[in-house]
Amino acid sequence: QDGVVVQGNYAYVAGRRTEHPNAGVQILDISDPAMPLDVGFFATHVESHYYVPDIVAIDGTTLCAGGVSRLFIADVSDPANPVEQGMINLEDVGKFPRIQTLDVQLPYAYIATGASSTGFLSVNISDQNNPEIENRMQAPWDVQAMVTKGDTAFVSSMERIWVYSFADLQNPDG
């Protein structure tokens, strides 16, 4: 996962924009790759540079961005006017959560938090105004990378690969 994701004719870039007083996600129209156009900005209204989002993922018109401690959700159906839908503070579930990898497959956002007590999370974002953590797996504590395919997550740690099945989200297998 990265601080840049492309979907269709748009690129979404997480971080801080020098001409914007806040952090968030810059939205670029890249239909002409030689002349990308700045079309919108989703401001996350963080109170410190510590919380500047540096990772972004998208599924359809649902954009998720995060970094240290927080996951922000926006509706980008109109890229020029993104609308904040919700936010969840990951410090409520563990210490030192930094979103290491992020994937969105509606209605879920899957989050791996690196070397943290927060672990690997599945967050239900079907009600984007009120996202809820549905599952938390503390193993592995040192996530290096993660990818999801369908209802399966492949999570790597420094020791091994973990495979989680979310076919039954009330009882995930790990």
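Read on for a plain summary of the structure. (Residues numbered from 1 in each chain as written. Predicted model: local features only at pLDDT ≥ 70, side-chain atom pairs only at ≥ 80, totals over all residues. Heavy atoms only, no water.)

## Here's the deal with the sheet that holds strand β11 (residues 120–124)
- Spatially, the four strands line up as an open sheet ordered β9-β10-β11-β12, and their pairing is antiparallel. Looking at strand neighbours, the two that pair on one side only are β9 (101–105) and β12 (132–137), the edges of this open sheet. Strand-to-strand, the axes of this sheet are offset by a mean angle of 20°, without reference to chain direction.
- Here β9 runs beside strand β10 (residues 108–112); their pairing, made up of five bridges, is antiparallel. Residue L102 lies in a different strand from β10, and its bridge partner there is I111. (Pairing = 2+ DSSP bridges. Helix = DSSP H or I, 4+ residues; strand = E, 2+ residues; numbered from the N terminus. Axes fitted to C-alpha atoms, helices over the stretch in contact; angles between N-to-C directions.)

## Notes on the packing of aromatic side chains
- Summed over all chains, the structure comprises two aromatic pairs.
- For the cation-ring pair, R160 lies above W162, with the distance from its terminal atom to the ring centre recorded as 3.8 Å. (Phe/Tyr/Trp six-rings, centres within 6.5 Å; stacked < 30°, edge-to-face > 60°. Lys NZ or Arg CZ within 6 Å of the ring centre and 35° of its normal.)

## Focus on the environment of I99
- Mapped onto the elements, I99 comes out in the loop between β8 (83–89) and β9.
- A relative accessible area of 3% means that I99 is categorised as buried.
- Ignoring sequence-local partners within four residues, the contact set of I99 consists of I55, G66, G67, R70, L71, L90, I111, A112 and T113. (Buried < 20%, exposed > 50% of the residue type's maximum accessible area, 1.4 Å probe, protein only. Contact = heavy atoms within 4.5 Å.)

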